[in-house]
Amino acid sequence: MTQAATRARAGDRPSDRLSDETLLKWLSDMQLIREFETRTMQAYQQAKIGGFCHIYTGQEPVAVGTIQSVQPDDPVITAYRDHGHALARGMDPRACMAEMFGKITGCAKGKGGSMHMFDRPHHLYGGHGIVGAQTPLGAGLAFAARYELEVLGTGKKRVCLCYLGDGALDQGAFHEAQNLASLFGLPVIYIVENNGYSMGTAIHRHTANHEHLLDRARGYGIDAVQIDGFDVLRIYDEFKPFADACREDQRPGFVNLITYRYQGHSMSDPQKYRTKEEVERFKEKDGIASLVHHLMSSEDEGGRGCLSEDEWKQMQREIRERVMDAVRFAEESPEPDVETELYSDVFLNPMPHLSPIRDYVHGAPNPLLADDA
Amino acid sequence: MIQYAVDLPEIDFSYAPPREGERVIQFREALREAMSEEMRRDERIFLMGEEVAEYNGAYKVSQGMLDEFGPKRIIDTPISENGFAGLGIAAAMAGLRPIVEFMSWSFSLVAADQILNNAPKMLYMSGGQWGCPIVFRGNDGAGGQLGSTHSWCVEGLYSNVPGMKMVIPSNPYDAKGLLKTAIRDPDPVFFLESERMLGDRAHVPPEEYYIPFGQARLAREGDACTLVSFGRPVNFCLEAGEALSGQGIEVDVLDMRTIRPLDIDAIVRSVQKTNRIVVVDQCWPFASVASEVMAQICEHAFDWLDAPPVRVNTDDVPTPYAKNLEAAYLPNPEKIIRAVTHLVG
């Protein structure tokens, strides 16, 4: 490790205190998501991935910037556009891709699919398919963390990150969750990944008074901020102190994170509701390109000067190879065995006569828990 | 917080204290005793619901529990079933053992997404990574002139969903033993009580005991016909059995106690003796637990039947308010007697 690689800049922003090495890792994390999603789209078009599939491309700074602002054992839960969070949280790309291929080596043994990414060792509690349904769960994860601390006396101060899209703003579940979180003082941060569309319906057509989203949360007594979600450093600068405060004070938070998805809502979206020009306009603010620029620019130019053109190409090559390896792994992995897997993981404590069809069983151990078995 | 190993209960089910005795308490007290005993044993258990704490329970089931366990473990919620059901589910995933009380299962319908989509499917969707050790409990069935929206019997609707266990006790003794087992079980359990039975009094042993799931109780013995029921209508079957005995007709009354698992073996054994079956179920008839029992008995004991199976359900209309209409709508001993005499005669 060279001296340059560990150097941090002297400055006022929290991100100024991060090492070059850390920022290079974040760039790598974001590029991993982008490359992964590119291959996911290919595999989907080749019909190797089925079902609904929601692509995260464009939103990479959000998952990476927020997750890197908290501890690795803080609980994280999200909706169905979840590949980015899974990878940012540290899920092996092989397990993520194999899940979408419906293979036994997937994170949910091929029983969950694209919308249900779970990773217990990395404290990722899903991947949830029903819009807004994860928001009461986020409150529950925060409740458990606080209960562990105050009743069992065994924990530490945690903060839960609960992601939702702007479409979930309109769900009753989210309003109940906010009320409970505020009432009970639950350390959960609701992060609205506001990409401007609830499927194909623009936000001004689906959320009343949408210019004043923070007022909604404040109406519940929840501290709320808006953060520009295109620059990972800016997210860190603004989100990290916010998350630290929610953790310290053990209370909820609400973040309106402005972002944009480059792809359609799902793989089957013809995107008639927005113009190509609009998409191109947002691509000019691309979070990966801007971080690359920052890392390549010299310190005199306000950058870090810690990444060369060649090193960036090398990073992209290595990530491409890592993702291709994940695709190969997914393709070559066996499907779940019908005899042992169809009727396993339904009950932890199976017993006779739970079903008129046949008895439930225990199947193969989950690949992510294999080290623990 | 994270416990990877499956926390399977080590329970001695062989210990079953006598059902007869002098310690007569109410059904609601038996429920309270089960919860309190388990909460003393395991700090991870908490009770959450509307009016469970400061009000001492809308139906006084949790009376005194706030005093003993404090507000961090006996938790009043707003009227927000979808919210607090989901909160409980995630708390269970994270290693706690919640008991979530619905004042009425009728109100659980607004939490259907959480209790049907998340609780029973989490283990499967996560490929075995996260189970959901939670008990949902509350009043089920017509409470008495509450009208259509407050009189739900959810067992027909909910037992269709794989991934949860369903318990419906008919008496205080079973209520205590079954609820203790439910709290210890690592899977989601739907525990259905009845407002109309909470004041029922019977002997309940003061000591700890557990009743295994999937074992029906033969509550009355006879050879003319098998009566199969669960929850409150079991008591109607026993009344009918008494009356029928006066006419020289002796019936088996099977109290199923759990719907999932369903002790079909006990039903088959009885039918092999009686060759006739009447299923009594306080749900609507279409796609009900009664339908399921009849389907299974046809699959397993068709050749033992001397007559087609018969069901006594509620009538197939929304629950009426008027006293006479509601009485006509619900299963009752007279309807059961009619069904049996028709079948036997």
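Residues numbered from 1 in each chain as written. Chains lettered and ligands numbered in written order. Predicted model: local features only at pLDDT ≥ 70, side-chain atom pairs only at ≥ 80, totals over all residues. Heavy atoms only, no water.

**Here's the deal with the overall build of chain B**
- Scanning chain B from terminus to terminus reveals twelve helices and 14 strands.
- Projecting the C-alpha coordinates of chain B onto the three principal axes gives extents of approximately 60 × 45 × 40 Å.
- Partitioning the intrachain contacts of chain B with sequence separation of at least 6 by distance along the chain shows that 81% fall at a separation of at least 24.
- Of the roughly 12,300 Å² of accessible surface on chain B, 51% is carried by carbon and sulfur atoms. (Helix = DSSP H or I, 4+ residues; strand = E, 2+ residues; numbered from the N terminus. Contact = heavy atoms within 4.5 Å. Areas by Shrake-Rupley, 256 points an atom, 1.4 Å probe, with all protein chains shown as cover.)

**Quick notes on the overall build of chain A**
- Scanning chain A from N- to C-terminus turns up 14 helices and eight strands.
- Computed over its C-alpha atoms, the radius of gyration of chain A comes to 21 Å, within 12% of the 21 Å expected for a compact globule of 373 residues.
- Overall, chain A is about 70 × 50 × 50 Å in size when its C-alpha atoms are taken along their principal axes.
- Looking at the 373 residues of chain A, the share that counts as buried comes to 57%.
- Considering only intrachain contacts with a sequence separation of at least 6, the fraction spanning at least 24 residues in chain A is 69%.
- Entry remark: accessible area of chain A is about 14,900 Å², with carbon and sulfur atoms responsible for 50%.
- For chain A, the centre of its 40 positive side-chain charges and the centre of its 55 negative side-chain charges are spaced 2 Å apart. (Rg over C-alpha atoms; globule rule 2.2 N^0.38 Å. Buried < 20%, exposed > 50% of the residue type's maximum accessible area, 1.4 Å probe, protein only. Lys, Arg positive; Asp, Glu negative; His and termini not counted. Charge placed at Lys NZ, Arg CZ, Asp CG, Glu CD.)

**Focus on the domain arrangement of chain B**
Residue and element names in this part refer to chain B.
- Per the domain assignment, the segments making up chain B are domain 1 (24-203) and domain 2 (217-344).
- Computed from C-alpha atoms alone, the centre-to-centre distance between domain 1 and domain 2 is 26 Å.
- With 30 residues of domain 1 at the contact, the number on the domain 2 side is 25 residues.
- Among the residues of domain 1 in contact with domain 2, Q145, I168 and S170 are the three that bury the most area, contributing 27% of the side total.
- Counting every contact that joins domain 1 to domain 2 gives two salt bridges. (Domains from an automatic or database assignment. Buried area = accessible area lost by both parts, 1.4 Å probe. Salt bridge = Lys/Arg side-chain N within 4 Å of Asp/Glu carboxyl O.)

**Focus on the packing of aromatic side chains**
- Counted by the stated rule, this structure contains 22 aromatic pairs over all chains.
- Ring plane angle 25 degrees and centroid distance 4.3 Å describe the contact between A:Y125 and B:W130, whose orientation is recorded as stacked. On the criterion of chain membership, the pair formed by A:Y125 in strand β2 (residues 124-127) and B:W130 in the loop between α5 (122-125) and β5 (135-139) is interchain, its members lying in two chains. Considered together, A:Y125 and B:W130 belong to a single accessibility category, that of buried residues.
- Ring geometry for A:F174 and A:F254: centres 6.4 Å apart, planes at 25 degrees, overall stacked. Taken together, the residues span a long stretch of sequence, with A:F174 in helix α7 (residues 172-184) and A:F254 in strand β8 (residues 253-258) at a distance of 80 residues. Taken individually, A:F174 and A:F254 each receive the classification buried, so the pair is uniform in this respect.
- Each residue in the set B:F84, B:F102, B:W105, B:F136, B:Y158 and B:F190 is aromatic and connected to the rest through ring pairs, giving one cluster. (Phe/Tyr/Trp six-rings, centres within 6.5 Å; stacked < 30°, edge-to-face > 60°.)

**Regarding the environment of A:E35**
Residue and element names in this part refer to chain A.
- Examined against the element boundaries, E35 turns out to sit in helix α2 (residues 20-45).
- Considered as a pair, E35 and Q316 are 281 residues apart in the sequence and their alpha carbons are 8.5 Å apart.
- Discounting chain neighbours no more than four positions away, the residues touching E35 are I319, R320 and V323.

**Quick word on the interface of chain A and chain B**
- Chain A puts 55 residues into the contact, and the matching count from chain B is 60 residues.
- Carbon and sulfur atoms make up 65% of the surface buried where chain A meets chain B, a total of about 5,000 Å² over both sides.
- Sorting the residues of chain A by area buried against chain B places A:R120, A:L348 and A:H353 first, and these three jointly supply 17% of that buried surface.
- Remark: the boundary between chain A and chain B carries one salt bridge.
- We note a salt bridge from A:E150 to B:K72, for which the minimum N-O separation is 3.0 Å.
- Contributing elements (two or more residues each) for the side of chain A that touches chain B: β2, α6 (134-152) and α7 of chain A.
- Per element, the largest residue contribution to the side of chain A that touches chain B is 13 residues, and it comes from α6(A).
- When the residues that make up the side of chain A that touches chain B are grouped by side-chain class, the tally is 34 nonpolar, ten polar and eleven charged. (Nonpolar A, V, L, I, M, F, W, Y, C, P; charged D, E, K, R; others polar.)

**Some points on the sheet that holds β5(B)**
All names here are of chain B.
- One open sheet accounts for seven strands, arranged β3-β2-β4-β5-β7-β6-β12; its pairing is mixed. Looking at the sheet topology across the chains shown, the edges are occupied by β3 (74-76) and β12 (258-260). Taken over all neighbouring pairs, the strand axes of this sheet differ in orientation by 20 degrees on average, direction set aside.
- Here two bridges tie strand β6 (residues 165-167) to β12, and the two strands are oriented antiparallel to one another. Bridged to M166 within β12 is R260. (Pairing = 2+ DSSP bridges. Axes fitted to C-alpha atoms, helices over the stretch in contact; angles between N-to-C directions.)

**Details of the environment of B:L254**
All names here are of chain B.
- Inspection of the secondary structure assignment puts L254 in strand β11 (residues 251-255).
- On the accessibility criterion, L254 (4% relative accessible area) is buried.
- Sequence separation of L254 and A142 is 112 residues, and the distance between their C-alpha atoms is 22 Å.

**Remarks on the pairing of strand β4 (residues 97-104) of chain B**
All names here are of chain B.
- Counted residue by residue, β4 has seven buried out of eight residues, so it is predominantly covered.
- Across five bridges, strand β2 (residues 45-49) lies against β4 in parallel orientation. Residue L47 lies in a different strand from β4, and its bridge partner there is I99.
- Pairing analysis gives five bridges linking β4 to β5, with the strands arranged parallel. Of the residues in β5, the one forming a bridge with V100 is F136.

**Digging into the confidence of the model for chain B**
- Mean pLDDT over chain B: 96, with 98% of residues reaching 70 or higher.
- Among the prediction metrics, the complex's ipTM stands at 0.96, with pTM recorded as 0.96. (pLDDT = per-residue confidence, 0-100.)

**Let's talk about the confidence of the model for chain A**
- Confidence in the prediction of chain A, expressed as mean pLDDT, is 95, and 97% of residues score 70 or more.
- Counted against residues more than four places away or in other chains, residues 1-5 of chain A, with its pLDDT under 50, gives six contacts.

**Side note on the packing of α7(A) against helix α3 (residues 81-93) of chain B**
- Relative orientation of the contacting elements α7(A) and α3(B) amounts to 65 degrees, with a least axis distance of 8 Å. The pairing of α7(A) with α3(B) is recorded here as roughly perpendicular in orientation. Considering the relative orientation of α7(A) and α3(B), their crossing is right-handed. Here A:A173, A:E176, A:L180 and A:F184 of α7(A) come into contact with α3(B), specifically with B:E81, B:N82, B:G83, B:F84 and B:L87.
- By residue class, the composition of the contact of α7(A) with α3(B) is five nonpolar, two polar and two charged. (Parallel < 35°, antiparallel > 145°, perpendicular 65-115°, else oblique. Left-handed = near helix turned anticlockwise from the far one by under 90°.)

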